[in-house]
Amino acid sequence: MIDAGQLQTLSTLLRVGSFEGAAQVLGVTQSAVSQRIRALEDRVGQPLVLRGTPCLGTALGDRLARHAEDVALMEAQALGDLAGAGAQGQRTVRIAVNADSLASWFLPALARAQEALPGLFYDLVVDDQDHSGDWLRKGEVAGAVSAHAVPPSGCDSHPLGDLRYVAVASPDFLARHCPDGITGSALRAAPMMTYDRKDRLQLDWLEQCFGPGPVPATHYLPSTQAFTEAAALGLGWAVNPLSLVQPVLDAGRLVVLRPDQPLDTPLYWQVSRRMAPALAPATRAICAAARRALITDPTG
């Protein structure tokens, strides 16, 4: 049996990033924090903390810290005490979400959930919607916004709706690279933009519109804001969430390449079954926000 106080100390240390900070949060001496961590490392037989600025967890250290946070959250839910317990008893839940959802509709959901659970704090992991479910499968997060309908074992899946994407470019870019019209060959010969190496939206859209073909040369821009601005500046063409680029479209700085060919990506909220009761208010807020922001009518 692992000592609960030692686990709480590990969780606090990795959350605040220093022995001094953990001591202040826990109301003990820095020496006491060091002794608890050493005792826990002796108990499991391997290092749990990478000493530095900030202190980081080893793989096992991170796993034990997440376990401690999950247990604290479930205990608080069972006791009806999720309104908040101060910094020492901070309850944190880790969630994986794709960057486009985070930039468009997901934050209002967290704000609404915060009203119901003011003592719950969020640790967000940003990953592609095709890969966010992997975090849940490995037990790295308690919930995830995923593009896959089938959840990992031990998890529930809630359909959210479709996030609509459109392919866009600046008017100057089109005049330079597509003088004879928007064709698959012209776009494949023109500079493309990609969020990161997991991002396949541009290639999926190309294949949807024009069939298989060569992969264009691409810029990698892992920033949602920069992705839109770079397209408006003519750096390349890209696929963006319609809700994010609509103001730039209205201003005439971007043009939709094929208005008849949006790319609708279905999204699902998937949550660990053991954490589902504690996260029920967050689940309700996420589903409600999705109904307002996403396409729930497949013919829409």
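The rules behind these values
Position labels on residues start from 1 in each chain and follow its written sequence. Only residues with pLDDT of at least 70 get local features here, since the model is predicted, and only at 80 or more are side-chain atom pairs given and counted; chain-wide, interface and lining totals rely on the full set of residues. Hydrogens and water molecules were not included; the side-chain quantities draw on all heavy atoms of the structure. For the purposes of this entry, the term helix denotes a DSSP run of H or I that reaches at least four residues, the term strand denotes a run of E that reaches at least two, and both are numbered from the N terminus. For every residue, the accessible area obtained with a 1.4 Å probe (protein chains only) is divided by the maximum for its type, and the residue is called buried under 20%, exposed over 50%, and partly exposed between those limits. Residues count as neighbours in contact if any of their non-hydrogen atoms are within 4.5 Å of one another. Only the protein chains shown count as covering a residue, and every accessible area follows the Shrake-Rupley method with a 1.4 Å probe. Two rings belonging to Phe, Tyr or Trp (six-membered ring only in the last case) form a pair when the distance between their centres is within 6.5 Å. Interplanar angles under 30 degrees mark stacking, angles over 60 mark edge-to-face geometry, and anything in between is tilted. Think of it this way: DSSP has to see at least two bridges between two strands before they count as a pair. Here the term right-handed applies to a crossover when the path leading from its first strand over the helix to its second strand runs clockwise, the strands being oriented away from the viewer. Cavity means a closed set of points on a 1 Å grid over the protein atoms alone, one where a 1.4 Å probe fits but cannot get out, pocket means an open set with protein on both sides within 12 Å along at least 5 of 7 lines, and lining means a residue has an atom within 4 Å of a point. Grid points are joined across faces, edges and corners, and a volume is the space filled by probe spheres set on the points. The predictor's confidence in any single residue is recorded as pLDDT, a number from 0 to 100. Polar here means any residue outside two lists: the nonpolar Ala, Val, Leu, Ile, Met, Phe, Trp, Tyr, Cys and Pro, and the charged Asp, Glu, Lys and Arg; Gly therefore counts as polar. By construction, the arc corresponds to the directions joining the helix axis to the C-beta atoms. By salt bridge we mean one thing: a side-chain nitrogen of Lys or Arg within 4 Å of a carboxyl oxygen of Asp or Glu.

1. Focus: the overall build of the protein chain
Counting its regular elements, the protein chain contains 12 helices and 11 strands. Taken along its principal axes, the extent of the C-alpha atoms in the protein chain is 70 × 40 × 35 Å. In the protein chain, which comprises 300 residues, the share counted as buried stands at 47%. Taking all contacts inside the protein chain whose residues are at least 6 apart in sequence as the whole, residues at least 24 apart take part in 73%. Total accessible area on the protein chain stands at roughly 14,100 Å², and carbon and sulfur atoms take up 54% of it.

2. Let's talk about the packing of aromatic side chains
On inspection of all chains with the given rule, the structure shows four aromatic pairs. Here Y195 and F227 contribute two aromatic rings whose centre-to-centre distance is 6.4 Å and whose plane-to-plane angle is 65 degrees, an arrangement assigned as edge-to-face. Of this pair, Y195 sits in the loop between β7 (192–194) and α9 (201–210) while F227 is found in helix α10 (residues 224–232), placing the two residues 32 residues apart along the sequence. Each member of the pair Y195 and F227 is classed as buried.

3. Notes on the pairing of strand β3 (residues 91–97)
Along a regular strand, successive side chains alternate from one face of the sheet to the other. Among the seven residues that make up β3, six are buried, leaving the element largely enclosed by the rest of the structure. Judged from the seven bridges that link them, β3 and strand β4 (residues 120–126) form a sheet pairing that is parallel. Note on β4: the bridge partner recorded for R94 is D123. Once you follow β3 into helix α5 (residues 99–116) and on to β4, the crossover reads as right-handed. Direction of pairing for β3 relative to strand β5 (residues 143–146): parallel, over a ladder of two bridges. When the sheet's bridge partners are listed, I95 is paired in β5 with G143.

4. Here we look at the layout of surface pockets
The computed volume of the second largest pocket comes to approximately 320 Å³. What lines the second largest pocket is a set of 15 residues, among which L14, R15, D62, E69 and D123 lie closest to the centre. If you list the elements that add at least two residues to the lining of the second largest pocket, you get α1 (4–16), β2 (56–57), α4 (59–78) and β3. Of all the elements, α4 adds the most residues to the lining of the second largest pocket, at four residues.

5. Considerations on the confidence of the model for the protein chain
In this model, the protein chain carries a mean pLDDT of 90, and residues with pLDDT of at least 70 account for 94%. Ranking the elements of the protein chain by mean pLDDT puts α4 last, at 80, and strand β10 (residues 255–256) first, at 98.

6. Quick look at helix α2 (residues 19–26)
Listed as buried for α2 are F19, G21, A22, A23 and L26. Of the surrounding elements, those touching the buried residues of α2 are α1 and α3 (30–44). Immediately downstream of α2, the backbone of G27 shows phi near 75 degrees, a positive value.

7. Topic: empty space enclosed by the protein
With the rule as written, the count across this model stands at one cavity of 30 Å³ or more. Contributing to the lining of the largest cavity are R66, E69, D70, T92, V93, R94, G139, E140, V141 and A142. Sorting the residues of the lining of the largest cavity by element identifies α4 and β3 as the ones contributing at least two each. Broken down by class, the residue content of the lining of the largest cavity amounts to three nonpolar, two polar and five charged.

8. Some thoughts on helix α11 (residues 242–250)
Of the positions making up α11, those classed as buried are V245, V248 and L249. Mapping the buried residues of α11 onto a view down its axis gives an arc of 100 degrees, with all of them on the same face. Looking at α11, the residues exposed on the side facing more than 90 degrees away from the buried face are P247 and D250. Taken from the residues just after α11, G252 is the one with a positive phi, measuring 80 degrees.

9. Looking at the pattern of salt bridges
Any two side chains of opposite charge can pair, given that their charged atoms come close. Using the criterion set out here, one finds 13 salt bridges in the structure. Between D134 and R137 there is a salt bridge; the shortest N-O distance is 2.6 Å. Here D134 and its partner R137 are both found in helix α6 (residues 132–137), three residues apart, which amounts to about one turn of the helix. Exposure remark for R137: the relative accessible area of 52% places this residue in the exposed category. Two residues, R258 and D260, come together in a salt bridge whose shortest N-O distance is 3.1 Å. Taking relative accessible area as the criterion, R258 reaches 23% and is therefore assigned partly exposed. Taking relative accessible area as the criterion, D260 reaches 52% and is therefore assigned exposed. Salt bridges linked by common partners bring R66, R94, D123 and E140 together as one network.

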